[in-house]
Amino acid sequence: DLVLIVGSVHSSNTDKLYMLSKDKYKNSKVIKVENLEDLKKHNLDGIKSCLITSGTSTPLKAILEIKEYLGGINNE
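So, here's what we can say about the structure. Quick caveat: nothing in here was measured; it's all calculated off a predicted structure. (Residues numbered from 1 in each chain as written. Predicted model: local features only at pLDDT ≥ 70, side-chain atom pairs only at ≥ 80, totals over all residues. Heavy atoms only, no water.)

A word on the overall build of the protein. Helix and strand counts for the protein come out as 3 helices and 3 strands. In summary, the protein has a C-alpha radius of gyration of 12 Å against a globular reference of 11 Å for 76 residues, a match within 12%. Each of the three principal axes of the protein carries a C-alpha extent, and together these read 35 × 30 × 15 Å. A fraction of 70% describes how many contacts in the protein between residues 6 or more apart in sequence connect residues 24 or more apart. Roughly 5200 Å² of accessible area belongs to the protein as shown, and the carbon and sulfur atoms make up 50% of that amount. Each charge class in the protein was averaged separately, 11 positive and 10 negative side chains, and the resulting centres sit 6 Å apart. (Helix = DSSP H or I, 4+ residues; strand = E, 2+ residues; numbered from the N terminus. Rg over C-alpha atoms; globule rule 2.2 N^0.38 Å. Contact = heavy atoms within 4.5 Å. Areas by Shrake-Rupley, 256 points an atom, 1.4 Å probe, with all protein chains shown as cover. Lys, Arg positive; Asp, Glu negative; His and termini not counted. Charge placed at Lys NZ, Arg CZ, Asp CG, Glu CD.)

Summarising the element assignment, Thr56 is placed in the loop between β3 (50-54) and α3 (60-73). Note: C-alpha distance between Thr56 and Gly72 (16 residues apart in sequence) is 26 Å.

Glancing now at α3. Between its first and last C-alpha, α3 extends 20 Å over 14 residues, near the 20 Å set by a 1.5 Å rise per residue. Every buried residue of α3 is listed here: Ala62, Ile63, Ile66 and Leu70. Considered in projection along α3, the buried side chains sweep an arc of 95° and stay on one side of the axis. Projecting away from the buried face of α3 at angles above 90 degrees are the exposed residues Leu60, Lys61 and Glu68. Where α3 is buried, its residues touch β1 (2-6), β2 (29-33), α2 (36-39) and β3. (Expected span 1.5 Å × (residues − 1). Buried < 20%, exposed > 50% of the residue type's maximum accessible area, 1.4 Å probe, protein only. Arc of directions from axis to C-beta.)

Moving on to the packing of aromatic side chains. Aromatic rings considered in pairs are described by the distance between their centres and by the relative angle of their planes. Under the counting rule described, the total for this entry stands at 0 aromatic pairs. Taking the ring centre of Tyr18 as reference, the NZ or CZ of Lys32 above it sits at 5.4 Å. (Phe/Tyr/Trp six-rings, centres within 6.5 Å; stacked < 30°, edge-to-face > 60°. Lys NZ or Arg CZ within 6 Å of the ring centre and 35° of its normal.)

Of all hydrophobic cores here, the largest spans 12 residues; its members are Leu2, Leu4, Val6, Ile31, Val33, Leu36, Leu39, Leu44, Ile47, Ile63, Ile66 and Leu70. At the level of elements, β1, β2, α2 and α3 are the ones that each hand at least two residues to this core. (Core = buried A, V, L, I, M, F, W, Y, C linked by side-chain atoms within 4.5 Å.)

This part is about the sheet that holds β1. Reading across the sheet, the 3 strands line up as β2-β1-β3 and stay open at both edges, with parallel pairing between neighbours. Since the sheet does not close on itself, it has two edges, and those belong to β2 and β3, each with one partner. Averaged over neighbouring strand pairs, the angle between their axes works out to 20° when direction is ignored. In the packing of helix α1 (residues 12-24) onto the sheet, contacts are made with β1, β2 and β3, and the angle to β2 comes to roughly 175°. Against the sheet, α3 makes contact with β1, β2 and β3, and its axis sits at roughly 170° relative to β3, the strand it touches most. (Pairing = 2+ DSSP bridges. Axes fitted to C-alpha atoms, helices over the stretch in contact; angles between N-to-C directions.)

Spelled out as structure tokens, the structure:
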């Protein structure tokens, strides 16, 4: 349902991941965020599954925070 690209808005690596994902996952929502606060700005209603990928310089902490947040959405 969702392909989530986590990385800096200034990263060409992240931009490339975003473009490749838009092309490959045409039937999924593809969004690019820098951190959890960016993700919270998006409407995730109806999302049941998510693929998370990131740029190489993305801090692991940011990815884990997003993963934990997404895991708790359906449990609220």
